[in-house]
Amino acid sequence: MSDIKKQIAILGSTGSIGTQALEVITDNNDLFEVYALTANNQVDLLIEQARKFRPEMVAIANESHYLKLKEALADLPIKVFAGNESVAQVAEMQPIDIVLTAMVGYSGLKPTMNAIKSGKKIALANKETLVVAGELICDLVSKHNAAIIPVDSEHSAIFQCMAGEGNNPVEKLILTASGGPFRTKSMRELEHVTSAQALKHPNWDMGAKITIDSASMMNKGFEIIEAKWLFGVMPEQIDVVVHPQSIIHSMVQFADGSIKAQLGLPDMKLPIQYAFTYPDRLKTNFPRLDFNICSQFTFEQPDLERFRNLAFAYYAMEKGGNMPCILNAANEIVVAEFLKDKIGFLQMSDIIEKVMAKADFIAHPTYDDYVKTDAQVRGLTKDFI
Ligand code: MN
């Protein structure tokens, strides 16, 4: 590698992926430097991070925190911005080499588009961007010759399995799923589970929204759509298998029937670091997988009757157009309501199903159509609650 440090922008630095990315940068501060940090709401943590990593600029999406942020960093030469638009603008600053998109939900779309248009390498952790507007994003990527390196552990695993394979034909992508905290619960039990129970993921330590999505299998639904766009395969080439140990992070089956898998202990720092250093691998001190301890790997079929979200995602992927955008917007609203215990666990899927049937379908959406769909569907979902 060159002796010039790579300049990194972390969009969503105060979340789970963002804070782990800063640990990766700390461990490799001879290679990486923080150029920009952005957050949605957590101003205190953003201040702490800015004082420690001394980026060129910081931005906070929630404008009501601007003065506090500005004053807390007044003694440092750090530029301070506020508002969604400024977060999107930070992503295109000239010195940035890598943009890590680690914000939650639809809000990642605009900044990711800006980063692609300015030719950055994208370390993509915000899966909703590809779920909502995969076609648009892929067109932009090829037009601007940008690179997207997946950070999501399943997609990083597939990406690692593909390394060195050139144009060898892929038969199938096999995404593994932990099954989440409710894997063995019956339909009757699922009626009464609470958000507090859903937030206890057995294997992964993640933010609240994605943890609920994992419990409801919507996360896996989003990931099949994400995989379709990242790897350019047909929907019928994407399988999901439940693997409760979360050691095999995903697999690729090639045309000759050979299957490659990527394994490791569940730790997001590994895919984050790989996205930063690809195609190189750096030495780490992460705990190693011990086959004497992890001595059993099991596999089961996902249950599409108990976890209907996965079926909805397959439907949305096949239907295309703005249907995945509808799915995502409805899901963002029901998850927020479930987190407040305003609706039950199974109601989330019931409402999403109704919204998907009612929202206006657009076969070939533009960027403006996505914006309109997102706003319309959020309103529609609230009406059903
Ligand atoms: Mn994942």
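To start, this report covers the structure provided alongside it. (Residues numbered from 1 in each chain as written. Predicted model: local features only at pLDDT ≥ 70, side-chain atom pairs only at ≥ 80, totals over all residues. Heavy atoms only, no water.)

1. Looking at the packing of aromatic side chains
Counted under the stated rule, the structure contains seven aromatic pairs. Look at F182 and F345: their rings are 5.1 Å apart centre to centre, the planes differ by 90 degrees, and that puts the pair in the edge-to-face class. Placement of the pair is F182 in the loop between β8 (170–177) and α8 (187–190) and F345 in helix α15 (residues 345–358), with a sequence separation of 163 residues. Taking the relative accessible area as the measure of exposure, F345 reaches 4% and is therefore buried. In this structure an aromatic cluster arises from ring pairing among F159, Y274 and Y278. The residue whose ring lies beneath K228 is W229, and the NZ or CZ to ring-centre distance is 4.4 Å. (Phe/Tyr/Trp six-rings, centres within 6.5 Å; stacked < 30°, edge-to-face > 60°. Helix = DSSP H or I, 4+ residues; strand = E, 2+ residues; numbered from the N terminus. Buried < 20%, exposed > 50% of the residue type's maximum accessible area, 1.4 Å probe, protein only. Lys NZ or Arg CZ within 6 Å of the ring centre and 35° of its normal.)

2. A few points about the sheet that holds strand β10 (residues 248–254)
Strand order in the open sheet formed by four strands is β9-β8-β10-β11, and the pairing between neighbours is mixed. Taken across any chain shown, the strands that pair with only one partner, and hence form the sheet edges, are β9 (238–242) and β11 (259–263). Strand-to-strand twist in this sheet, taken as the mean axis angle between neighbours without regard to direction, amounts to 20 degrees. The strands that helix α11 (residues 218–231) touches are β8 and β9; relative to β8, the one it contacts most, it runs at about 150 degrees. (Pairing = 2+ DSSP bridges. Axes fitted to C-alpha atoms, helices over the stretch in contact; angles between N-to-C directions. Contact = heavy atoms within 4.5 Å.)

3. What to know about empty space enclosed by the protein
Per the stated rule, a full pass over the model turns up two cavities of 30 Å³ or more. Put simply, the largest cavity is a space of about 60 Å³. In terms of lining residues, the largest cavity is bounded by S153, S156, Q160, W204, H249, Q262, G264, L265, P266, D267, L270 and P271. When contributions to the lining of the largest cavity are tallied by element, the ones reaching two or more residues are α7 (153–162) and α12 (269–277). Per-element tally for the lining of the largest cavity: the top contributor is α7, with three residues. Across the lining of the largest cavity, the residue classes break down as five nonpolar, six polar and one charged. (1 Å grid on protein atoms, 1.4 Å probe; cavity = no way out; pocket = protein on both sides within 12 Å on 5 of 7 lines; lining within 4 Å. Points joined across faces, edges and corners; volume = space filled by probe spheres on them. Nonpolar A, V, L, I, M, F, W, Y, C, P; charged D, E, K, R; others polar.)

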